[in-house]
Structures are given as structure tokens and as C-alpha cells.
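Fold and geometry: a report
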Amino acid sequence: MIVILTLLVFSPLFLSLFLFLIPIKNERILSILLQIFNVINTILTIIFLCLYILTGFQNAEFTLWTFSQAGEYSFKLQFLVDRYSVSFQTLIALLSGIVFMFSRRYMHREIGYRRFFVSLLLFRSGISLVALANNIEMLYAGWEMVGLSSFLLIGFYQSRKGSGRHALRVFTIYRFCDVGLFIGAWLFHELGGEFSFFSMSQSNTQIAHLTQESLAFTIIGFLVLFAAIGKSAQYPFTFWVPRAMKGPTPSSAIFYGALSIHAGVFLLIRMYPLWHAIPAIQIATGIFGGITLVTASLSAKAQSNIKGQIGYASVAQVGVMFVELAFGLRDVALFHFMGNAILRCYQLLASPSVLVIFLRMQNEGMSLSGGVTGFITRFTGKKFSRILYAIAFSECYGEYIVNLLLKALKAFARFASRVVSYQFSILVLVLLLTIVILENQFPTSLAATIIRVTFGLLAVYLALAAFGENKTPTRLLNNAALSSLLTGLSTLFLAPESFRYTILFFLGIASGYLLTRVALYLLPSEELKLSYQGLTEKYPSLIFLMLVGILSLSGFTLTPTFLGEDLLLHYGAGKFVFETFIVAGTFILNGVTLMRMYVKLAYGRN
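Here the structure is a predicted model, which is why all the values come from computation and not from measurement.

Points about the overall build of the protein
Looking only at helices and strands, the protein has 26 helices and 2 strands in total. The 606 residues of the protein split such that 57% are buried. Pairs at least 24 residues apart make up 80% of the contacts formed inside the protein by residues separated by at least 6 positions. Accessible surface for the protein amounts to roughly 25400 Å². Of this, 67% is attributable to carbon and sulfur atoms.

As C-alpha cells, then:
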């Protein structure tokens, strides 16, 4: 079983790396490789199902590897086999297989044919990791892989400015909401040491633990709900779904019709024993689901394109699933989730053909069904129906609400960016003097506390300065890298025993910075402006080098920085809660900032 699980999760990732490293330009060869992969994957999935059935549908956990061990803390690659993971993985195999076969012909002669499948395979590996993970760290790792592949496929058409803008918007929402899962992973370890989904399913042992740590688990529950709301596009984040449809239709089908949009629902199903034991979270889940059901249904009626309509219809059904989960209908929500995923995937794949048929019917003068017309007007009057249309057309003001918060953050960040040049020098000088004075005159614990707080505040300040930079990429990069460096120093002063793990974090930061800095150095200086330069077409290798550096610097799943950040939280925030906000704040801001720099340089003005 463990061999099958490993192949299901990592074989798409290995094929993705192979296709990326070996520049196969012949579509026929690529198509044959994908067909072979689909056949092998189907066989693996059938074997997986048969093994689960032969065990008598017994839940089981499997440990493949331990990444790190520090006292009671451990970071393990563990798999969980139960009816939820088996159902989700089977759905993944079915729908991704259909989409892969469809895409082989749909993407024919498309520029970036190989790049499309590299990104799609990365997504397949990430979503399988989400489905089969037994602990929150591995689920989060897959969660991040899904987010990155989503960004790459929304922005697939790199000559279009709109594609880059929408990809960045979705990535920003993901990054801000994913911090809930990021901090939740840390809290789990602080409360439970060895904490897995398998152990959490043992309800008899968990009820007592929930009672003892009710406040902490309430916080974890709300953090998890926040992450699920962002990933599943619940209100007020529903507006990103039609923007995400700017990518190729097959990727829209598997992401925002079928699998990715339901990842938040699966997260709530997986964490059900925890959050459903807390009434406040049950109520909040039902409220968000109910609001989304109404707002998404209204917004779908005012969409001018078929992909947007299907996207909002899918989001509305996800809202119903949130309500079902709030009422405790976990198995009903799973069944609903699988049915909706299959339907929406089919609708999105068929939508181009349906549009062609309708256009032909119109050209031939045939009458088309008008549906239920005038239903709302009949009961509410024309004036109220116009008001409803205005609300629906504005997508129920979800984007307006989110933009207000982002504008406030940007205004503060731009202020920080303008004054960072001289203020930072003064702050560093004060910091150095403080270290010297406090170490001689005050107890070590007090001096260390002041030092780490100073480092932490500087880290967040520099992250804000980088976020507000809108002219010079080099300055943006320097501020973001220095911010991450100060985050590590803050933890090091707080917990000297974390030295070897902090070094791992520093290695990830340093390698990411050097790769990005080299790429910026080799690019023409006159084109280094944060204003959609379209450099991918001219310098693809350098732009890719910059992307790899950015992923390492911002803590992507497969980098040392990712493991280091988790360890920073364990050592630093476990001793000083303020460190949680430092690590999480710099993690969010630097990730969004660096990806914005990539988008502005890589994507064109069209």
C-alpha cells in the first residue's frame, strides 16, 4: 500500500520535472508520454481501491519518511487511507485523466504546450498530497503546490497583461488565507506534539483534549475555516473565480470546476472532529456558506460569459456544502462534492462546443429557450429586480470589500517604502546599541526579549517597505530578503537551540536571493521596471531562473525555506507568541511582493 501511495503522489511530480528538464518539443511524443502516464495512474488507482476493499474498509496510516525531529516535534511524510481520502483520490484520478486526454488535442499547436502539462502535473501531485496527507504539514505542502500551479495556469498566456493581473490577484488571496493553515499547523504541534488526522479521528481521546484546550482549538478551527473560505472562494472572496477562468479551458475545468474549488470543503471534512465540536465555528461555517449560496447565485445571473456562469454555479454549490457540514452532514457533503465536481468539469470542457452550437442555431434563426423569465419581477416588481441586478453585476461587492483592505495596506506599505532608506539605517544603529547596552546591564532574558522584538519589528517593517515598492525591482528584492533574514535572526535570539534549523532557513533565503539577484543583474537595466515588461518572450531562461529564486525566497513547498519556516514557528513562537505574527506576516507579505515583481517583469502589456 505504501508503494502505491507514494507513486500516486510523486509520480506526477517526477514526470513534471522530467518534462521540464528534457525539452521535448514534439507534441506526439509528449502525447504518448501522457497516455502512458494515464494508463499507469489508472492501474495504480484500481489497485489502491482493491487494497482498501480487501482490508475491509479499515482506516490506516503509513509513514514514509521523517524530514526532521526536534524533541516532541516531528515533520513526517505520512499518508492516511480512509473513505474520504480514497473517495477524493479516486475522483482526482478520474477527472485529471479525462482532462489530460482532452487537453492533448485542445492545446494542439498552442505556444507553451509542454509548459501547460508541466503545471498540470504539478497540480496533480499537489492535490493528491492534499487528499492523502495524514498530518497538517503535508496537507499544507500540497495546498501550496495547488496554489502555485493555479497561478501558473491562470497566467498561462504570458503576453497578456490581464492574465498576469488575474493570476496575481488569485495568488494574493490564496496567500493571505493560507496563513490560517500555516499558523494552525504550528498550534497543532504546540498542543498535541504528534498530531495526525488518524489520531484526531479517534473521537474518544480527542473530546477530553478539546475540553482542556478549548480556546486554542477554537482559534485553530477559525484559522482552518479562514483557509477553506479562501481556497473555496466563499464570500467575500467569490470574485476571484471568474478572473481565474482566464487560463485555458481544461485547467479551468479541473481547478475551478472540479478539484481545487472543493479543496476547502475537503479540508473541513478532514478537520471535522475538531471544528464541529465547537458551536461557534459550526455557526460561522453555516453563515459563510449561506451567504455565498445567495451571492454566488445572484452573480451567476449577471455573468456575460459561460465560464463565469459555471464558475459561480460551482461556488454556490460549495456554499451549500458548507451549510451541510455545519449541520453535521459530512458524508452528504462528500457525496455532493463528488457529484458537483464531475458535473462542473463536464460543463466547462463542453462549454466551447455548446457555444458553437448555440451560435449556429441563432444564425439559422432558430428560437432558443429563454428559461424562467420574469420570475423575480413577478413577485418583487421591476424596481427591486433592477436593484438585484445592480448587486449581481457588481458581484455583491465582494471585490470592493477586499480592495478596501488591500488599499489600506498598500497605503501604509508605500509610506514605509518611501522612508525606508534613511529610517532603516537609524533603526539598525539603535538596534546595535541596544544589544551592546542591554547585554551588560540587564538580565539576559530581558535583553533577548527586547532584541528579538526589535528584529521582528524590523522584519515586518522591511516586508511592508518591499510590498509598497512600485518602481525598482532590485530594491524590492533587497528589502524582502533582508526582512526574511531578520525573521530568522529574531528566532535565533529567542531560541539559540534552533541554530542548525535556522541555518537551513538561511540557506533557502540566501540561495533564493542569489538566483533572483543574478537574473536581475543579467537582464537589461533599462527594462527593469515594475510595469509589465513582457520579458518572458525575450529572456525565458532568466525569467525562469528568477521564478525559481522567488519560490525559494518565499518558502515554496519543495525548498529548504519551507521546512525552516515551520521550524521557526516551533522554536520561536513556542516561547514567545509575538513571534507568530512576525513569521506569518513576513511570510504573507514577502510571498505576494516577490510574485508581483515576477508578474510585472514577465508578463506583457497586451
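Brief notes about the side chain of His262
You can see His262 is positioned in the loop between helix H11 (249-258) and helix H12 (263-270). His262 has contacts with Ser232, Gly257, Ser314, Val318, Met321, Phe337, Asn340 and Ala341, leaving out every residue within four places of it along the chain.

Observations concerning a positive patch on the surface
Residues Lys161, Arg165, Lys529 and Arg605 make up a contiguous surface patch of positive charge. The class for Arg165 is exposed, based on a relative accessible area of 51%.

Considering the packing of aromatic side chains
In this description, a pair of aromatic rings is defined by centroid distance and the angle of the planes. Within the structure shown, the criterion is met by 22 aromatic pairs. Pairing Phe88 with Phe266 gives two aromatic rings, centres 4.6 Å apart and planes at 40°, and the pair type is tilted. A residue pair is termed long-range when its members are at least 10 positions apart, and Phe88 in helix H3 (residues 83-106) and Phe266 in helix H12 qualify at 178 residues. An identical accessibility class is assigned to Phe88 and Phe266; each is buried. Cluster of aromatic residues (ring-pair linked, three or more members): Phe37, Phe100, Tyr113, Phe116, Phe117, Phe156 and Tyr157. Of note, Arg115 hangs over the ring of Phe156, and the distance from its end group to the ring centre comes to 4.5 Å. A cation over an aromatic ring shows up here: Lys231 above the ring of Tyr174, its NZ or CZ 3.9 Å from the ring centre.

Side note on the environment of Glu395
Mapped onto the fold, Glu395 is located in the loop between helix H18 (382-393) and helix H19 (398-441). Of the residues examined, Glu395 reaches a relative accessible area of 8% and is grouped as buried. Taking the C-alpha atoms as reference, Glu395 lies 7.8 Å from Leu298; in sequence the two are 97 residues apart. There is a polar contact of 2.7 Å between the side chain of Glu395 and the side chain of Arg243.

Rules used in this analysis
- Residues numbered from 1 in each chain as written.
- Predicted model: local features only at pLDDT ≥ 70, side-chain atom pairs only at ≥ 80, totals over all residues.
- Heavy atoms only, no water.
- Helix = DSSP H or I, 4+ residues; strand = E, 2+ residues; numbered from the N terminus.
- Buried < 20%, exposed > 50% of the residue type's maximum accessible area, 1.4 Å probe, protein only.
- Contact = heavy atoms within 4.5 Å.
- Areas by Shrake-Rupley, 256 points an atom, 1.4 Å probe, with all protein chains shown as cover.
- Patch = residues over 30% accessible without salt bridge, like charges linked within 9 Å, V, L, I, M, F, W, Y side chains within 5 Å.
- Salt bridge = Lys/Arg side-chain N within 4 Å of Asp/Glu carboxyl O.
- Lys, Arg positive; Asp, Glu negative; His and termini not counted.
- Charge placed at Lys NZ, Arg CZ, Asp CG, Glu CD.
- Phe/Tyr/Trp six-rings, centres within 6.5 Å; stacked < 30°, edge-to-face > 60°.
- Lys NZ or Arg CZ within 6 Å of the ring centre and 35° of its normal.
- Polar contact = N/O pair within 3.5 Å; in protein donor to acceptor, adjacent residues only side chain to side chain.

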